[in-house]
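Listed below are the residues making up each chain.
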Amino acid sequence: MPGTMSEVAVTILPEAPADAEAVDRLNERTFGPGRYARTAYRIRERRAHLPSLSFIARIGTLLVGSVRLTPITIGPAKALLLGPLTVEPPFRSRGIGRTLIARALADAKAEGHRLVLLVGDAPFYQRAGFTPIPKGQVTMPGPVDPARLLVHELVPGAFDGVAGMIKPDWEI
Ligand SMILES: CC(C)(COP(=O)(O)OP(=O)(O)OC[C@H]1O[C@@H](n2cnc3c(N)ncnc32)[C@H](O)[C@@H]1OP(=O)(O)O)[C@@H](O)C(=O)NCCC(=O)NCCS
């Protein structure tokens, strides 16, 4: 039906410096102050996300969604940590979350990255090709529910033999 919200065009763009404040506010509204206690944030507070591999969704001038990728290592292997992923509540269930993930994965692959990890709900992320990491193969610098630690191979076999502690510290 013309004029319904689902007909409104969504634009996905790399995150620009001017977007950072709006993205931070969106994440604060979504996850609250408790987000700083999450293990994934312990990594993200020590290493900035990559703006070129972080994306925002806009409807008109309104920022309605965001996903960020942060460089990590797992033992000697390089990888990317996906998150936070957030979509403004009135704009959820329109495919924006899925589209943000797909764009981030496609651009990461095009830049030669091989692996993407995240901490999140498997039922949601499995649709984007993430699978649970066997318990104990990878450890985080803090508590995490092993069922929520997921991996996506951008290159088939890229996760073979990868194991160890996730750290936030590689430079590119
Ligand atoms: C998760 C989130 C980003 C999804 O955004 P979105 O734009 O609604 O995503 P999509 O439209 O692509 O997909 C929505 C579908 O995923 C489902 N879904 C959303 N969160 C889910 C979850 N945690 N587990 C299982 N399914 C989930 C929705 O029910 C919806 O199903 P439908 O298509 O049958 O209606 C959004 O709900 C959000 O911001 N949630 C709060 C923050 C959060 O939990 N972020 C992820 C953790 S890192």
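Nothing here was measured: the structure is a model prediction, and the numbers come from that model.

Caption draft 1: Layout of the overall build of the chain. If you tally the helices and strands in the chain, you get four helices and nine strands. For the chain, whose C-alpha radius of gyration is 16 Å, the value lies close to the compact-globule estimate of 16 Å for 172 residues. Principal-axis analysis of the C-alpha atoms gives the chain an extent of 50 × 35 × 30 Å. Buried positions account for 44% of the 172 residues belonging to the chain.

Caption draft 2: Representation of the site of the ligand in the model. Taken together, 17 residues sit near the ligand, with Ser93, Gly95, Gly97, Asp121 and Arg127 positioned nearest. Backbone polar atom of Gly95 to an oxygen atom of the ligand: 2.7 Å apart, as the coordinates give it. Separating an oxygen atom of the ligand from a side-chain N or O atom of Arg127 is a distance of 2.7 Å. About the coverage of the ligand: the protein hides 69% of its 890 Å² of free accessible area. The set of elements that each furnish at least two residues to the shell around the ligand consists of helix H1 (20–31), strand S4 (77–87), helix H3 (96–110) and helix H4 (122–125). Split by residue class, the shell around the ligand holds seven nonpolar, five polar and five charged.

Caption draft 3: Layout of the pattern of salt bridges. A complete count under the given rule lists seven salt bridges for this structure. Between Arg58 and Asp19 there is a salt bridge whose closest N-O contact spans 2.6 Å. Of the two residues, Arg58 sits in strand S2 (residues 55–59) while Asp19 sits in the loop between strand S1 (11–14) and H1, which places them 39 residues apart along the sequence. Looking at Asp19, the relative accessible area reads 7%, which means it is buried. Taken together, the salt bridges that share partners define one network made up of Glu15, Asp24 and Arg68.

Caption draft 4: Broad picture of the environment of Glu45. Structurally, the position occupied by Glu45 is in the loop between helix H2 (39–44) and S2. Taking the C-alpha atoms as reference points, Glu45 and Pro168, 123 residues apart in sequence, are found 8.9 Å from one another.

Here is what the cut-offs are and how they apply
- Residues numbered from 1 in each chain as written.
- Predicted model: local features only at pLDDT ≥ 70, side-chain atom pairs only at ≥ 80, totals over all residues.
- Heavy atoms only, no water.
- Helix = DSSP H or I, 4+ residues; strand = E, 2+ residues; numbered from the N terminus.
- Rg over C-alpha atoms; globule rule 2.2 N^0.38 Å.
- Buried < 20%, exposed > 50% of the residue type's maximum accessible area, 1.4 Å probe, protein only.
- Near = heavy atom within 4 Å.
- Polar contact = N/O pair within 3.5 Å; in protein donor to acceptor, adjacent residues only side chain to side chain.
- Areas by Shrake-Rupley, 256 points an atom, 1.4 Å probe, with all protein chains shown as cover.
- Nonpolar A, V, L, I, M, F, W, Y, C, P; charged D, E, K, R; others polar.
- Salt bridge = Lys/Arg side-chain N within 4 Å of Asp/Glu carboxyl O.

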